[in-house]
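Survey of secondary and tertiary structure
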Amino acid sequence: AAGHSGAHAARPRRDLRGGMEAASATSSRTSSGVPSTSGASSGTMTTVSRVGGMETRWWRDATSGAAAGMVSVLALHPLDVIKTRLQVQDGVDRRAAAYRGTVHAFRTVARQEGARGFYAGVVPAVVGSTVSWGVYFTCYNNAKARYRRARDLEHLPSHLHLASAAEAGLVVSLATNPIWVVKTRLQLQKKTSQSEAANAGVRGGTAVRPYRGFVDALAQIARNEGIAGLYKGLGPSVFLVSHGALQFAAYERLRAWRTKPETTFTTKTDDPNGPATVPPSAFECAWLGVASKLFASTVTYPSQVVRARMQQRERSVGVRLDGKQNAGSGSAPNAPLYRGFFSSLRDIIRREGASGLYKGMVPNVLRTLPSSGVTFMVYESVRSFLGEDDEARRR
């Protein structure tokens, strides 16, 4: 991803008054074409030109967010597959599990399924992530702009950043949950022979065929399970809205901390608003994204485990994962059917202990940390590439 060369060329002369105002205070104007992911910290949110009161550059947030999501998914999808398969293994005896750890899972998938196994469910993953990031960044920045206008604020307090992130996360959850259900099921669906598929996942003698792809999975779920099937796991997904709120709140604070006053060599001293500020570079933003993601992931990871188990294809209609169990998700015999968020959480703790809530955490960390760094860096670079707003260029 490109850096920030030329980023100082058309920078609005704005600054965070009062020395960042408790680290969460942020300016509604930005310095360069760096993302509004961090909301409005100085150097983060570009000035928005308006025509008839309408924001004319909303498409920059959507385009940059979509590009960032797509790149991060394509680069790190194999780790997501391993994470999902480890999450749904609910057997108490680790030795009897199909995958006995991250390394063993990689070796097993490579041996049994080849390279294609690591990209199971990649189509809904790309579609879902691209849509999610595009919608998220757009809703997040629009919410912040709305709060500024409604309250006549230049610097949003932390609770309004959290509210903006929560709004965006809720919209994304409602819009994309069916895509994530399909992704989870395709990731758990192991390539089987025709004879295995004919006998797979039976309970009461009912055999089902594997999903043939994204569209076929959507159609089968809608036909066999209805709207409820497409929205399985919505409860933990809504709860996971806090993940985005925690991540972006942490990113706001870290970004404000790393934003520095511009030197007098490149700043006009007669600026009535004081010296301009220099935002972090794209590389620095990548590491800020990594740190904020690690914090949010640790707090909210148990909800991801519950969601994966709720979204998996039930054993009564499942596709065999390991060729030994009549389960489409690798569930252990006599394991509970995961129907609700809190009941599933209780069942996991009762059967597997607290460690069951963190199954798949290793590949999750290996995936999410670089994923977040790549996402923020691509977002910033694409948004910078798309150019400054008209008002910013006139300065």
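Residues numbered from 1 in each chain as written. Predicted model: local features only at pLDDT ≥ 70, side-chain atom pairs only at ≥ 80, totals over all residues. Heavy atoms only, no water.

What follows concerns the environment of Thr-375. Locating Thr-375 in the fold gives a position in helix H11 (residues 361-385). Taking the C-alpha atoms as reference, Thr-375 lies 9.8 Å from Cys-285; in sequence the two are 90 residues apart. Among residues more than four places away in sequence, those in contact with Thr-375 are Ala-68, Ser-72 and Trp-133. (Helix = DSSP H or I, 4+ residues; strand = E, 2+ residues; numbered from the N terminus. Contact = heavy atoms within 4.5 Å.)

Tallied over the full model, the rule gives 13 salt bridges. Between Arg-212 and Asp-216 there is a salt bridge; the shortest N-O distance is 3.7 Å. Its relative accessible area of 65% is what places Arg-212 among the exposed residues. Close ionic contact of Arg-309 with Glu-352 constitutes a salt bridge, the shortest N to O distance being 2.6 Å. Taken together, the residues span a long stretch of sequence, with Arg-309 in helix H9 (residues 282-311) and Glu-352 in helix H10 (residues 341-352) at a distance of 43 residues. By the burial criterion, Arg-309 is buried, and Glu-352 matches it. Ionic contacts of the salt-bridge type, sharing partners, join the residues Asp-80, Lys-83, Lys-183 and Arg-367 into one network. (Salt bridge = Lys/Arg side-chain N within 4 Å of Asp/Glu carboxyl O. Buried < 20%, exposed > 50% of the residue type's maximum accessible area, 1.4 Å probe, protein only.)

Before going further, it helps to examine the confidence of the model for the protein chain. Per-chain confidence: the protein chain averages 74 in pLDDT, with 69% of residues scoring 70 or above. Contacts from residues 390-395, a stretch scored under 50 in pLDDT, to residues over four places away or in other chains number 12 contacts. (pLDDT = per-residue confidence, 0-100.)

Residues Tyr-136, Phe-137, Tyr-140, Ala-165, Phe-248 and Tyr-251 are the most contacted members of the largest nonpolar core, which totals 16 residues. Only helix H3 (122-151), helix H4 (158-188), helix H8 (241-258), H9 and H11 provide two or more residues apiece to this core. (Core = buried A, V, L, I, M, F, W, Y, C linked by side-chain atoms within 4.5 Å.)

With 12 residues, helix H2 (residues 102-113) should reach 16 Å at 1.5 Å per residue; the first-to-last C-alpha distance of 16 Å fits that figure. Listed as buried for H2 are Thr-102, Ala-105, Thr-108, Val-109 and Glu-113. What you see down the axis of H2 is that its buried residues fit within an arc of 125 degrees, all on one side. In H2, the exposed residues that point more than 90 degrees away from the buried face are Val-103, Arg-107 and Arg-111. Where H2 ends, the next residue or the one after it, Gly-114, has phi of about 75 degrees, a positive value. (Expected span 1.5 Å × (residues − 1). Arc of directions from axis to C-beta.)

Taking 1.5 Å of rise per residue, the 31 residues of H4 would be expected to cover 45 Å, yet its terminal C-alpha atoms sit only 39 Å apart, more than 12% below that figure. Along H4, the helix axis deviates most sharply at Thr-176, where the bend reaches about 55 degrees; the proline Pro-178 sits within four residues downstream. (Bend = angle between axes of the 7 residues up to and from the residue.)

To continue, consider the packing of H9 against H10. Following both chains from N to C, one finds H9 and H10 inclined at 105 degrees, their axes separated by 10 Å at the closest point. By the criterion of interaxial angle, the relationship of H9 to H10 is roughly perpendicular. Side by side, H9 and H10 meet where Ser-303, Val-305, Val-306, Arg-309 and Met-310 of the first sit next to Phe-341, Ser-344, Leu-345, Ile-348 and Glu-352 of the second. Here the residues of the contact of H9 with H10 sort into 6 nonpolar, 2 polar and 2 charged. (Axes fitted to C-alpha atoms, helices over the stretch in contact; angles between N-to-C directions. Parallel < 35°, antiparallel > 145°, perpendicular 65-115°, else oblique. Nonpolar A, V, L, I, M, F, W, Y, C, P; charged D, E, K, R; others polar.)

Structurally, Ala-256 is set in helix H8. The spatial distance from the C-alpha of Ala-256 to the C-alpha of Pro-280 is 9.0 Å, given a sequence separation of 24 residues.

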